[in-house]
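# Architecture and fold: a report
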Amino acid sequence: MPLDFLAVKQQIKEIVAGAPAELARLQALRQKAGELLEHNAEEQEALRAKVELAAAQDSWLRSAKPTTEALTHSFPRPPAPDGATLIAADGSQISPSRHEAVNYFLINVGAITMLPGSGQAPETLTRSQLHFAEYTATGSLSEEQVGLERDKAERVLLAELAAAASANPVITLTDGPLELWGGRSRDVEEQSHFQQSLVDYLKALEELHSLGGITAGYVDKPRADLVVRALEIAMTEQDKLGDIRKLRPLRGVTDNDLFKGRLGPGERSALFAIQSHLAPKYAGPLGLHFFYLNVGSAEKPWLARVELPAWVAEDAPQLDALHASLLAQCEVLGGLRYPYALHRAHEIAVVIREEKEQVTQMLLAELQAQGIESSGPSQKQAAKDLEGRRR
């Protein structure tokens with residue numbers, strides 16, 4: 001049946017009617033957050049110590065930590081590096097489903113290697129990994145676990161391609177955070193899988209470090225409140241830091257709200273370290289950092305969050321090379337301010353529905369050739385497929 005558009009229309013009216021009041025409330029909080037940012041702009045050491053004190057009482061705290069750069073400082077566009085190699089990787093997947101005729105998942109990672117300004121055509125690569133779970137002892141992985149495998153595969157492939165690069169500096173990019181997300185499950189097997197994935201992921205980061213490469217994760221349209229969280233810690237009395245996760249006086253304000261009006265076109269914000277329960281795993285040169293970057297124009301600012309390891313954050317030439325290269329990449333697609341290399345990597349990696357169906361049929365045919373009959377799709381899936389054919 002179609003949507004009940006009359007009911008939806010009425011709900012839209014009710015929601016939008018309350019929007020002005022909500023926007024006014026948020027604007028007041030944004031102004032307060034901006035004042036706190038200004039007040040603490042030169043208090044990097046004190047605020048960092050307070051964030052660490054709060055984290056000592058709550059290891060799951062997720063927040064920004066100031067570095068040596070003033071919180072409100074901005075940095076203009078640096079000159080583009082000469083003769084750089086730019087490598088971007090992205091992944092897609094066929095997720096496992098118990099409703100399908102055969103239980104498997106597939107991870108497809110696409111990568112592109114470019115030499116900007118050289119006139120040479122980019123090189124592309126696709127790496128597909130099929131995992132068959134139908135008759136394994138452990139069964140299929142969860143969607144979160146498959147996502148971990150995809151993220152790990154992206155970084156491993158980047159390390160391999162960086163080792164073969166011919167021009168320096170080598171800049172490697174992925175879409176999304178640099179930090180591998182997960183580790184919250186209480187399931188023993190899932191936790192074990194995450195820990196092993198993290199070991200492999202950190203090994204790939206260490207390989208990139210040993211090669212002297214620059215690496216980063218690019219987050220488009222960020223909604224994080226990492227710096228806002230640090231400001232909430234700044235305004236919280238020390239004896240109440242143990243309850244900091246419950247205290248959200250600036251809830252609803254994002255880092256984008258803080259920096260959107262402070263960064264001119266091409267400017268980056270100050271560098272911040274990331275406080276999280278996994279931060280200790282990223283030790284020394286792998287330490288997690290980020291900055292905000294205005295890849296938009298004066299008329300239409302557009303912020304991205306760029307996550308990078310300590311070895312890049314603490315090396316001014318590498319940091320400048322990353323800054324300039326990202327801006328140049330975001331100018332290739334015209335009005336769409338997103339790195340061209342990441343866009344191409346996504347196009348290379350994406351698995352369309354027809355390809356998924358072809359892989360499924362190939363698996364079923366091979367099983368049949370071995371005298372193994374599939375149990376077939378679930379009745380629920382079969383009914384959906386039938387409904388789809390009727391439409």
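The present account deals with the structure reproduced in this document. Treat the numbers as computed from the prediction; the structure is a model and nothing was measured.

## As for the overall build of the protein chain
- A tally of regular secondary structure across the protein chain gives 12 helices and 9 strands.
- In summary, the protein chain has a C-alpha radius of gyration of 24 Å against a globular reference of 21 Å for 391 residues, a match within 12%.
- Counting over 391 residues, the protein chain shows a buried share of 44%.
- Restricting to contacts in the protein chain with at least 6 residues of sequence separation, those with at least 24 account for 74%.
- When the accessible surface of the protein chain is split by element, carbon and sulfur atoms take 52% of a total near 20400 Å².
- In the protein chain, 41 side chains carry a positive charge and 53 a negative one; their mean positions are 7 Å apart.

## Describing a nonpolar patch on the surface
- A surface patch of nonpolar side chains, about 360 Å² in accessible area, is lined by V8, I12, I15 and V16.
- Considering the arrangement of structural elements, one finds V8 in helix α1 (residues 5–17).

## Remarks on helix α11 (residues 353–369)
- End to end, α11 covers 25 Å across 17 residues, agreeing with the expected 24 Å (1.5 Å per residue, within 8%).
- Among all positions of α11, only V359, T360, L363 and L367 are buried. Viewed end-on, α11 has its buried residues packed into an arc of 100°, placing them on one side of the element. Summarising the geometry of α11, the exposed residues directed more than 90 degrees from the buried face are E354, Q358, Q361, M362, Q368 and A369.
- Along its buried surface, α11 packs onto β3 (104–114) and β4 (123–132).

## Concerning the pattern of salt bridges
- If you walk through the whole model with that rule in mind, you get 21 salt bridges.
- The residue E160 makes a salt bridge to R127 at a minimum N-O spacing of 3.0 Å. Pair noted here: E160 is in helix α4 (residues 143–163) and R127 is in strand β4, with a separation of 33 residues, a long-range link.
- What makes R127 partly exposed here is its relative accessible area of 30%.
- One salt bridge connects R305 with E307, and the closest N-O pair in it is separated by 3.0 Å.
- Each of D225, R229, E232 and R248 takes part in salt bridges that share partners, so that together they form one network.

## Considerations on the nonpolar core
- L173, Y218, V227, F259, Y282 and L322 are the most contacted members of the largest nonpolar core, which has 88 residues in total.
- Residue contributions to this core peak at 8 residues, all from α4.
- In this structure V227 touches L37, A64, D255, L258, F259, F272, F290 and Y292, once residues within four positions along its chain are discounted.
- Counting residues in each nonpolar core, the second largest holds 7 residues, with I94, Y104, V359 and L367 among its members.

## Quick notes on the pairing of strand β8 (residues 288–294)
- Within β8, 7 of the 7 residues are buried, leaving the element largely enclosed by the surrounding structure.
- Where burial is concerned, the two faces of β8 agree: the one with L288, F290, Y292 and N294 and the one with H289, F291 and L293 are both buried.
- Summarising the sheet, strand β7 (residues 272–275) and β8 pair through 2 bridges and their orientation is antiparallel. Directly across from F272, in β8, lies its bridge partner F290.

## Some points on unusual backbone geometry
- Even without a glycine there, the phi angle at K221 is positive, about 50°.
- Mapped onto the fold, K221 is located in the loop between β6 (214–220) and α6 (226–234).
- The exposure class of K221 is exposed, given its relative accessible area of 58%.

## Here we look at the sheet that holds β6
- Strand order in the open sheet made by the 9 strands is β1-β7-β8-β9-β6-β5-β2-β3-β4, with mixed pairing throughout. At either margin of the open sheet sits one strand with a lone partner, and together these are β1 (63–66) and β4. Each strand axis lies, on average, 30° off the axis of its neighbour in the sheet, ignoring direction.
- Bridge analysis of strand β5 (residues 170–175) against β6 gives 5 bridges, and the strand direction is parallel. Across the sheet, D175 pairs through a bridge with Y218, a residue of β6.
- Contacts from helix α3 (residues 44–57) reach β1 and β7, with the element oriented near 145° to β1.

## Comments concerning the side chain of T174
- Secondary-structure assignment places T174 in strand β5.
- The class of T174 is buried, set by a relative accessible area of 2%.
- For T174, the contacting residues outside a window of four places in its chain are A89, E154, R155, L158, A216, G217, Y218 and L342.

## Notes on the side chain of T172
- For T172, the location among the structural elements is in strand β5.
- According to the relative accessible area criterion, T172 is buried, its value standing at 1%.
- In this structure T172 touches I87, L158, A162, L208, I214, T215 and A216, once residues within four positions along its chain are discounted.

## Some points on the pairing of β3
- Extensive coverage of β3 is indicated by the burial of 10 of its 11 residues.
- Pairing of strand β2 (residues 85–94) with β3 involves 9 bridges; the strand directions are antiparallel. Across the sheet, residue S92 finds its bridge partner in β3, namely N108.
- Pairing between β3 and β4: 10 bridges, direction antiparallel. Looking at β4, one finds that I112 is bridged to T124.

Calculation notes
Residues numbered from 1 in each chain as written. Predicted model: local features only at pLDDT ≥ 70, side-chain atom pairs only at ≥ 80, totals over all residues. Heavy atoms only, no water. Helix = DSSP H or I, 4+ residues; strand = E, 2+ residues; numbered from the N terminus. Rg over C-alpha atoms; globule rule 2.2 N^0.38 Å. Buried < 20%, exposed > 50% of the residue type's maximum accessible area, 1.4 Å probe, protein only. Contact = heavy atoms within 4.5 Å. Areas by Shrake-Rupley, 256 points an atom, 1.4 Å probe, with all protein chains shown as cover. Lys, Arg positive; Asp, Glu negative; His and termini not counted. Charge placed at Lys NZ, Arg CZ, Asp CG, Glu CD. Patch = residues over 30% accessible without salt bridge, like charges linked within 9 Å, V, L, I, M, F, W, Y side chains within 5 Å. Salt bridge = Lys/Arg side-chain N within 4 Å of Asp/Glu carboxyl O. Expected span 1.5 Å × (residues − 1). Arc of directions from axis to C-beta. Core = buried A, V, L, I, M, F, W, Y, C linked by side-chain atoms within 4.5 Å. Pairing = 2+ DSSP bridges. Axes fitted to C-alpha atoms, helices over the stretch in contact; angles between N-to-C directions.

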